[in-house]
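Summary of structural features
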Amino acid sequence: MFDQLDSLLIRYEEVNEMLSDPSVISDTDRLRELTIEEADLRPKVEKIRRFKDVEAQITETEELLQESLDAEMEQLAKDELSELKTEQENLQSEIRLMMIPEDPNDGKNIIMEIRGAAGGDEAQLFAGDLLNMYTKYADNQGWKTEVLDANITGIGGYKEVTLMITGSKVYSKLKYENGAHRVQRVPETESQGRVHTSTATVVVMPEAEEIDFELDENDIRTDIYHASGAGGQHVNKTASAVRLTHIPTNTVVAMQDERSQLKNREKAMKVLRARVYDKIQSEAQAEYDADRKLKVGTGDRSERIRTYNFPQSRVTDHRIGLTLQQLDSVLDGNLDEIVDALILYDQTQKLEELNGQQV
């Protein structure tokens, strides 16, 4: 891995030269692409330069110790050498982590879909609890949330809800939420006090932009129809609801929350683009994962990933064996401990894989 360090330094210089090129400055997409690459390379380059500087100092100090020194100077040199070698080891560890291939989607906003699954009304109420949990977590992170579409039940739950979360590196933290979430609790309608088990599913998709892939308008069928449900008389008079179908992948998105047909189409296009991009990425990832054991970040979305046990105030993430006796806190949006543990596990697995490839 450390053989790649010089090539990164060379690439960093090339990127900086291109960023001052007038032809690049006038090309918005190319400028944006190179600016992102420069920002990504910069911390790596700083670590690499410091690493090389420490290596040079170690060599100089070792050469100094070969000379005739008085006792005090020799001890000072030995102390300095010990400190330099400790820093060298720390820098090696940090650089190894930085050299793990990054998910190109980590910096993106997300579109999240939450659906009540097994368990009827209780599952739909739990979907609402998850929506509230993620909304509060987003607030804690300084992110913004927008509900794009929601199918609300009469008792206040959600058959399904689609929201967009925007901010800094949203996908990098919430991509691990894909899967089935299980709740164990006594429903309010349960007269015997028995604990019921229900599930809701969560799908997290990176927001897809035009530069990510081309979504051909000729492949999209648009249907306009009258909205249904609550919303006033306009639902019967105005054909504002929009249904988009991506014909090659048979991906369908319907949107009717807005009174404006244009706004519904804009929202539907965001979701459609994300779903198609996610489908393309998932298929490629599935082929890659066939030869790998690492599944924490891109696992089967039907897999049960977490249990929320109300009687014991316990939350368990089954992928990493993490159990917290902090149910109320987690549902209140305090997900940092779980998210940090998942990121660390993911990085550890990738680092082991990277080291294995270099043996």
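See the structure above.
Every residue gets a number counted from 1 within its own chain, in the order that chain's sequence is written. With pLDDT at 70 or above as the cut-off, local features in this predicted model cover only qualifying residues; side-chain atom pairs require 80 or more to be listed or tallied, and sums for whole chains, interfaces and linings still use all residues. Water and hydrogen atoms were dropped before computing side-chain values, which therefore reflect all heavy atoms in the structure.

**So, helix α4 (residues 71-98)**
The helix count covers DSSP runs of H or I at least four residues long, the strand count covers runs of E at least two residues long, and both are numbered beginning at the N terminus. Given the number of residues in a helix, its expected span is that number minus one, multiplied by 1.5 Å. Helix length check: α4 (28 residues) gives 40 Å between terminal C-alpha atoms against 40 Å at 1.5 Å per residue, within 8%. Three exposure classes are used, based on accessible area relative to the maximum for each residue type with a 1.4 Å probe and protein chains only: buried under 20%, partly exposed in between, and exposed over 50%. Among the residues making up α4, those that are buried are Ala77, Leu81, Leu84, Gln88, Leu91, Ile95 and Met98. Any two residues having at least one pair of non-hydrogen atoms within 4.5 Å are treated as being in contact. Where α4 is buried, its residues touch α1 (5-19) and α3 (28-65). Near the N-terminus of α4, the side chain that reaches the backbone nitrogen of glutamate 72, with its oxygen 3.1 Å away, is that of aspartate 70. The term polar contact refers here to a pair of N or O atoms within 3.5 Å; inside protein, the definition further demands a hydrogen-donor-capable atom paired with an acceptor-capable atom, and it admits residues adjacent in sequence only when both atoms are side-chain atoms.

**Considering the packing of α3 against α4**
Helix axes are fitted only over the stretch in contact, all axes being lines through C-alpha atoms; the angle between N-to-C directions runs from 0 to 180 degrees. Where α3 meets α4, the axes come as close as 9 Å, and the angle between the chain directions of the two elements is 155°. Classified by the angle between their axes, α3 and α4 sit roughly antiparallel to one another. Handedness of the α3/α4 crossing: left-handed. For the contact of α3 with α4, the per-class residue count stands at 13 nonpolar, four polar and eleven charged. By definition in this entry, angles of less than 35 degrees are roughly parallel, angles greater than 145 are roughly antiparallel, angles of 65 to 115 are roughly perpendicular, and the rest are oblique. Handedness of each helix crossing follows the sense of rotation of the near helix against the far helix: counterclockwise by less than a right angle gives left-handed, clockwise gives right-handed. Gly counts as polar in this scheme, as do all residues outside two lists: the nonpolar Ala, Val, Leu, Ile, Met, Phe, Trp, Tyr, Cys and Pro, and the charged Asp, Glu, Lys and Arg.

**Considerations on the nonpolar core**
By size, the foremost hydrophobic cluster in this structure holds 35 residues, and its most contacted members are Met112, Ile114, Leu130, Tyr134, Leu174 and Tyr308. The set of elements that each furnish at least two residues to this core consists of β1 (110-116), α5 (120-141), β3 (158-166), α6 (170-174), β5 (196-206), β11 (322-324), α9 (327-331) and α10 (336-358). Top element by residues in this core is α5. It accounts for eight residues. Not counting residues within four places of it along the chain, the set of residues in contact with leucine 174 comprises Ile110, Met112, Tyr134, Tyr137, Trp143, Ile165 and Val204. Among buried residues, those of type Ala, Val, Leu, Ile, Met, Phe, Trp, Tyr and Cys that are joined through side-chain atoms within 4.5 Å constitute a nonpolar core.

**Examining the layout of surface pockets**
Put simply, the largest pocket is a space of about 1,200 Å³. Contributions of two or more residues to the lining of the largest pocket are made by α3, α4, α6 and α10. Broken down by element, the residue count for the lining of the largest pocket peaks at eight residues, all from α3. Split by residue class, the lining of the largest pocket holds twelve nonpolar, five polar and 17 charged. The source of the domain bounds is an automatic or database domain assignment. When residues of the lining of the largest pocket are assigned to domains, at least three fall in each of domain 1 (1-99) and domain 2 (110-210 + 299-357). A pocket here means an open set of points on a 1 Å grid, computed over the protein atoms alone, that has protein on both sides within 12 Å along at least five of seven lines. A cavity is instead a set of points where a 1.4 Å probe fits but cannot get out; residues with an atom within 4 Å of a point line either one. Grid points are joined across faces, edges and corners, and a volume is the space filled by probe spheres set on the points.

**Notes on the pairing of strand β7 (residues 241-246)**
With five of its six residues buried, β7 lies for the most part within the structure. In this structure, strand β6 (residues 220-225) lies alongside β7, joined through six bridges in antiparallel fashion. The partner of tyrosine 225 across the bridge, within β7, is alanine 241. Pairing of β7 with strand β8 (residues 251-255), which is carried by five bridges, proceeds in the antiparallel orientation. The residue bridging histidine 246 from the neighbouring strand is threonine 251, located in β8. A pair of strands is labelled paired if DSSP reports no fewer than 2 bridges between them. Hairpin geometry of β7 and β8 is characterised by an intervening segment of four residues between the two adjacent antiparallel strands and by a positive phi of about 55° at asparagine 250.

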